Amino acid sequence: MISQEKIQEAIQRLAKAYNPLEIYLFGKYAWGTPDEDDDLNFLIVVESSHEKAHKRGYKAFDVLFGLEIPTNVTIFTQEEFDKFSQDVTSRAYEIKNRGKIAYARG
């Protein structure tokens, strides 16, 4: 299991690196009973980005290096998140409605 201290450290590092609007924690650490094999799953919402969607997460791997915890990080712009979270069949909808906001700017 990943300790609360490491989870908070990961959130702080991601917040500093991305200056996001919100960071959601989802998956078993947010809505289930995590076990030894579960990853931390984060969805980060940023105002905008000029990077292609598949490249936005590279920075996350750099800033989380050294924590030695398995993570999955997805980065959406606010516009993308607003759009996808309206679709009840999307993962973004589930995250918005069941995930936990781990960080919110201001």
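Since this is a predicted model, take the numbers as computed values, not measurements.

Colleague: Tell me what's going on with helix 1 (residues 4-18), and back it up with residues and numbers.
Modeller: For helix 1, with 15 residues, the first-to-last C-alpha span of 21 Å sits near the 21 Å given by 1.5 Å per residue. Turning to helix 1, its buried residues number three or more, namely I7, A10, I11, L14, A15 and Y18. Here the buried residues of helix 1 occupy an arc of 130° about the axis, which is enough to place them on one side. Turned more than 90 degrees away from the buried face of helix 1, the exposed residues are E5, Q12 and K16. Packed against the buried residues of helix 1 are strand 1 (22-26), helix 2 (28-31), strand 2 (40-46), helix 3 (58-64), strand 3 (71-77) and strand 4 (100-104). Phi for N19, located one or two positions after helix 1, is positive at around 45°.

Colleague: Tell me about the pattern of salt bridges, and please be specific about residues and values.
Modeller: Counted according to the given criterion, the structure contains five salt bridges. Measuring nitrogen to oxygen at the nearest pair gives 2.7 Å for the salt bridge that ties R105 to E47. With R105 in the segment after strand 4 and E47 in the loop between strand 2 and helix 3, the pair connects residues that are 58 residues apart, well separated along the chain. Across the pair E94 and R98 runs a salt bridge, and its minimum N-O distance is 3.1 Å. Pair noted here: E94 and R98 are both in helix 5 (residues 91-98), with a separation of four residues, about one helical turn. E94 sits in the partly exposed class, given a relative accessible area of 24%.

Analysis parameters
- Residues numbered from 1 in each chain as written.
- Predicted model: local features only at pLDDT ≥ 70, side-chain atom pairs only at ≥ 80, totals over all residues.
- Heavy atoms only, no water.
- Helix = DSSP H or I, 4+ residues; strand = E, 2+ residues; numbered from the N terminus.
- Expected span 1.5 Å × (residues − 1).
- Buried < 20%, exposed > 50% of the residue type's maximum accessible area, 1.4 Å probe, protein only.
- Arc of directions from axis to C-beta.
- Contact = heavy atoms within 4.5 Å.
- Salt bridge = Lys/Arg side-chain N within 4 Å of Asp/Glu carboxyl O.

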